[in-house]
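# Reading the structure
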Amino acid sequence: MNRRLIGLLAALCLTSACKEEPVGKMEPIPRPPDMPAAPAKKAEAPKPAPAPEPPPDPSKVTLRWKLDAPTAFRLTTTASESAPPPPAPKGKKDKAPPAPAARQSETTAIFVLQKTESGDYAFRIVPQGPGGEADQGTMSERGFVLDGLSGPLRNTAVLVLELPRDAVGQDAAWALGTDLVDMGSVPNFVEKKAERRNQVKLTALTPGDNGEQVATLEYDLSETISGQLRPSRQSLPKPPKLEEAHAKKGADKHDDHDEDETPAGPPAASAGVQVKGRGEFLVKAGRWRSWEATITTSIEGATLPGTLNGERKLRLTPLDSVPADLLQPQAKK
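Here goes a summary of the coordinates provided. (Residues numbered from 1 in each chain as written. Predicted model: local features only at pLDDT ≥ 70, side-chain atom pairs only at ≥ 80, totals over all residues. Heavy atoms only, no water.)

## Structural notes on the sheet that holds strand β5 (residues 135-139)
What counts here: When DSSP finds two or more bridges between two strands, those strands count as paired. Elements are defined by DSSP. Helices are runs of H or I of four residues or more, strands are runs of E of two residues or more, and each kind is numbered from the N terminus.
Within the open sheet, the eleven strands sit side by side as β6-β5-β4-β3-β2-β13-β12-β11-β10-β9-β8. Their pairing is antiparallel. Whereas interior strands pair on both sides, the edge strands pair on one side only; in this sheet they are β6 (145-147) and β8 (173-174). Where strand β4 (residues 121-128) meets β5, five bridges bridge the pair, whose relative direction is antiparallel. Its bridge partner being in β5, Ala 122 is matched across the sheet by Thr 138.

Set out below in structure tokens:
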């Protein structure tokens, strides 16, 4: 009897040991009866497909140079220019000397545009005639001058080469990267006033031969900077000694009043450049059919290197072919 009881107790102990819960087991907390059930998760909506690009506006065109083959233009410049007149004397009744007479001249240069072996767009400006040195630079596909030129020659290249960045339609206007007046080379010049206008406008878009489109561009640019020439410290007169000042004061009482009693201020100086032009660009061919402009310069009281007073007329004429000798230096680049 005792053996049976001991065996029964051992069996009960083994059964309870097998049903023990593991230590640390977490039981879910039952939801209270009054709490609503959690909403089911919604399936994420698929991302919308990107909207297709709008079709190009048929009323607008993108103007770009197309240099699958080298292109050349003859740039003829007819000028009537003279040196700026000398500044009028201050504090004297003497009249300023007359301005020098204008001189007439005509020069010719060849613009050569082509792609280099690396695929860059490059140009060369080759003067025609003795003594001329060629200049060259690089540009973007729209003719923006990247490097290679400075001063008045760079302005000429910008006028001839640069096209609008975006597509343009009738009456669209944009600006060029010109710097028509640079007074940085005038010593001791202090700018007082600047007026600028920079606009190129598409005035017409007409059909041409063989499905071509002709974009007519009109140029209206001007820039005027005025100020004063401050004397340097080295040019300022030294203060007179006391006895010299008294002597000069007595002498001034007996002069003939040739000098103006009002002390003269710093001399004034100004420079202005105006550009008026018109060009016809072949949209599909990617080149000029014709281009011409008039540049008028007016300088007073200062001298700008390489710049004269007067008028220059520029005319661009396409060439049927590019002279082989003009292509050789560029091909080596």
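And the narrative resumes.
## Re the nonpolar core
Our working rule: To define a nonpolar core, start from buried Ala, Val, Leu, Ile, Met, Phe, Trp, Tyr and Cys residues and group those joined through side-chain atoms within 4.5 Å. With a 1.4 Å probe rolled over the protein chains alone, any residue whose accessible area is under 20% of its type maximum counts as buried; one over 50% counts as exposed, and the rest are partly exposed. Throughout, a residue-residue contact means that at least one pair of heavy atoms, one from each residue, lies within 4.5 Å.
The biggest cluster of nonpolar side chains holds 52 residues, and the ones touching the most others in it are Trp 65, Leu 161, Leu 217, Tyr 219, Trp 288 and Trp 291. Looking at which element gives the most residues to this core, the answer is strand β10 (residues 213-229), with six residues. In this structure, Tyr 219 is in contact with Leu 159, Leu 176, Gln 199, Val 200, Val 275, Lys 276, Gly 277, Arg 278, Gly 279, Trp 288 and Trp 291, ignoring residues within four places of it in sequence. Counting six residues, the second-largest nonpolar core is a separate cluster that includes Ala 72, Val 112, Val 322 and Leu 326.

## Looking at the pattern of salt bridges
Close approach of charged atoms lets side chains of opposite charge pair. Note the threshold: One side-chain nitrogen of Lys or Arg within 4 Å of one carboxyl oxygen of Asp or Glu is enough to make a salt bridge.
Tallying each qualifying case throughout the model produces nine salt bridges. Arg 196 is the salt-bridge partner of Glu 223, the closest N and O atoms lying 3.1 Å from each other. Linking Glu 223 in strand β10 with Arg 196 in strand β9 (residues 189-207), this pair joins segments that are 27 residues apart in sequence. Between Arg 289 and Glu 280 there is a salt bridge, and its shortest N-O distance comes to 2.7 Å.

So, to be careful, I would describe these as geometric facts and stop short of saying anything about function.
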